[in-house]
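For reference, the chains in residue letters:
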Amino acid sequence: NRAGHKRRVFVTGGASGIGKAIVKAFSNEGYRVAFCDRDAERGKETSKETGALFFPADVSDKEALESCLQQLFDRWGDVDILINNAGISEFSPLTETTVEEFDRILSINLRPVFVASRYLALHRKQQTFPNPYGRIINLCSTRYLMSEAGTEGYSASKGGIYSLTHALAVSLAEWHITVNSISPGWIATHDYDQLTSQDHLQHPSGRVGRPEDIARMCVFLCQDGNDFINGENIVIDGGMTKK
Ligand code: NAD
């Protein structure tokens, strides 16, 4: 699908892990890519490695996140693809978790999905010649449907993303933007080679996931013809949740 190669992509949390694999995949396909991350050092490294534009920004800071998008609107005219990937996985027993910690997880994992999607919609609304193409992909998790003790904040944030994706898909159809989520299972974001065979054998597929498994789906969803996949959550977990 080289036809879409000049499309403009913005990825949150693109300095490392799954986000970095997404930045790489789109860069390799010839898309114009920008990303933000709160880790400035890693962000600079990833930018050097991939040629993607980097903004040091914390997604929980509304102004900072909107400013990334605004700079891209000024520079590129529009953003075609928004990948809401930034997120933290912090777990602690319920009785040891403060309300402030719960709020903080939502402010990093969930609220920015709303902030960035809303800002893109506001931009599209102003266009005299509407962009006929758009994609939003939100990183959810298999924990939206199966949880564990001590994951209240994380599970709530991902459950929120699951439902927010539905609402956004309906609201953003007006601007030709499809909105889907991807729920990865266990993806080894570093030291993949250090995993034991036992780790791999837990999976029906016989291996743990790699960031590229998720990045490939992002590229697929952005192909021109795939605009009828909308409001969907795609589980990529090697069959783990079906065991
Ligand atoms: P990671 O920690 O390897 O990378 C996350 C990146 O986001 C880092 O570069 C980090 O600096 C950045 N980031 C974190 N908070 C930020 C903030 N407030 N502002 C800006 N940048 C921020 O994580 P990952 O495993 O690559 O996860 C990426 C996404 O995928 C997350 O939303 C995560 O919940 C989801 N996910 C991951 C897995 C997995 O097994 N790795 C499974 C399910 C879901």
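Residues numbered from 1 in each chain as written. Predicted model: local features only at pLDDT ≥ 70, side-chain atom pairs only at ≥ 80, totals over all residues.

- The name given to the protein chain in an unreviewed UniProt entry is SDR family oxidoreductase, with the source organism recorded as Parabacteroides absconsus.
- Looking at the protein chain in UniProt, the text filed under Sequence similarities (unreviewed entry) is "Belongs to the short-chain dehydrogenases/reductases (SDR) family." (UniProt positions renumbered as here; feature names shortened; annotations may be inferred.)

1. Focus on the overall build of the protein chain
- On a plain count of helices and strands, the protein chain comes out with eight helices and seven strands.
- For the C-alpha atoms alone, the extent of the protein chain along its principal axes is close to 55 × 40 × 35 Å.
- When burial is assessed residue by residue, the protein chain has 40% of its 243 residues classed as buried.
- The long-range share in the protein chain, meaning contacts at least 24 apart out of those at least 6 apart in sequence, stands at 71%. (Helix = DSSP H or I, 4+ residues; strand = E, 2+ residues; numbered from the N terminus. Buried ≥ 20, exposed ≤ 12 C-beta atoms within 10 Å, placed from the backbone. Contact = placed C-beta atoms within 7 Å.)

2. Side note on the site of the ligand
- Near the ligand you find 26 residues, and of these Gly-13, Gly-17, Ile-18, Gly-87 and Ser-141 are the closest.
- Per element, the largest residue contribution to the shell around the ligand is three residues, and it comes from helix H1 (residues 17-28).
- Residues belonging to the shell around the ligand are distributed by class as follows: 11 nonpolar, 10 polar and five charged. (Near = placed C-beta within 6 Å. Nonpolar A, V, L, I, M, F, W, Y, C, P; charged D, E, K, R; others polar.)

3. Side note on the pairing of strand S4 (residues 81-84)
- Here S4 shows no split at all, with Ile-81 and Ile-83 on one side and Leu-82 and Asn-84 on the other all buried.
- Bridge analysis of strand S1 (residues 8-12) against S4 gives three bridges, and the strand direction is parallel. The residue bridging Val-11 from the neighbouring strand is Ile-83, located in S4.
- The pairing of S4 with strand S5 (residues 135-139) spans four bridges and is classified as parallel. Bridge assignment links Leu-82 to a residue of S5, and that residue is Ile-136. (Pairing = 2+ DSSP bridges.)

4. Considerations on helix H5 (residues 111-125)
- End to end, H5 covers 21 Å across 15 residues, agreeing with the expected 21 Å (1.5 Å per residue, within 8%).
- Among the residues of H5, Pro-112, Val-113, Val-115, Ala-116, Ser-117, Tyr-119 and Leu-120 are the ones counted as buried.
- Those residues of H5 hidden inside the fold are in contact with S1, helix H3 (62-76), S4, S5 and helix H6 (152-172). (Expected span 1.5 Å × (residues − 1).)

5. A word on the environment of Gln-194
- Structurally, the position occupied by Gln-194 is in the loop between strand S6 (178-184) and helix H7 (197-201).
- Since 8 C-beta atoms lie within 10 Å of it, Gln-194 is described here as exposed.
- Through-space distance from the C-alpha of Gln-194 to that of Thr-241 is 24 Å; in sequence the pair is 47 residues apart.

6. Remarks on the environment of Ser-16
- Note on placement: Ser-16 falls in the loop between S1 and H1.
- C-beta crowding within 10 Å serves as the criterion here: with 18 such atoms nearby, Ser-16 is assigned to the partly exposed category.
- Between the alpha carbons of Ser-16 and Glu-45 there is a distance of 9.6 Å; along the sequence they are 29 residues apart.
- In contact with Ser-16, not counting residues within four places along its chain, are Arg-42 and Thr-189.

7. Observations regarding the sheet that holds S4
- Read from one edge to the other, the open sheet built from seven strands follows the order S3-S2-S1-S4-S5-S6-S7, with strand pairing classed as parallel. For this open sheet the edge positions go to strand S3 (53-56) and strand S7 (233-236), each flanked by a neighbour on one side alone. Between one strand axis and the next, the sheet turns by 15° as a mean value, whatever way the strands run.
- With respect to the sheet, helix H2 (residues 40-50) is in contact with strand S2 (32-37) and S3, its orientation differing from that of S3 by roughly 175°.
- Along the sheet face, H6 touches S5, S6 and S7 and points at about 160° away from the line of S6. (Axes fitted to C-alpha atoms, helices over the stretch in contact; angles between N-to-C directions.)

8. Points about H6
- For H6, which comprises 21 residues, the first-to-last C-alpha distance of 29 Å matches the rise-based estimate of 30 Å (1.5 Å per residue) to within 8%.
- Among the residues of H6, Gly-153, Tyr-154, Ser-157, Lys-158, Ile-161, Leu-164, Thr-165, Leu-168 and Leu-172 are the ones counted as buried.
- On its buried side, H6 packs onto helix H4 (99-109), H5, S5, S6 and S7.

9. Focus: unusual backbone geometry
- For His-176, which is not a glycine, the phi torsion comes out positive at approximately 60°.
- Phi at Asp-191 takes a positive value of approximately 55°, unusual for a residue other than glycine.
- Locating Asp-191 in the fold gives a position in the loop between S6 and H7.
- Overall, the presence of 7 C-beta atoms within 10 Å leaves Asp-191 in the exposed class.

10. Regarding the packing of H4 against H6
- Two numbers describe how H4 lies on H6: the axes approach to 9 Å, and their chain directions differ by 35°. Handedness of the crossing formed by H4 with H6: right-handed. Residue-level inspection shows Glu-101, Phe-102, Ile-105, Leu-106 and Asn-109 of H4 in contact with H6, the latter providing Glu-152, Gly-153, Tyr-154, Ala-156 and Ser-157.
- Classifying every residue of the contact of H4 with H6 by side-chain character gives five nonpolar, three polar and two charged. (Left-handed = near helix turned anticlockwise from the far one by under 90°.)

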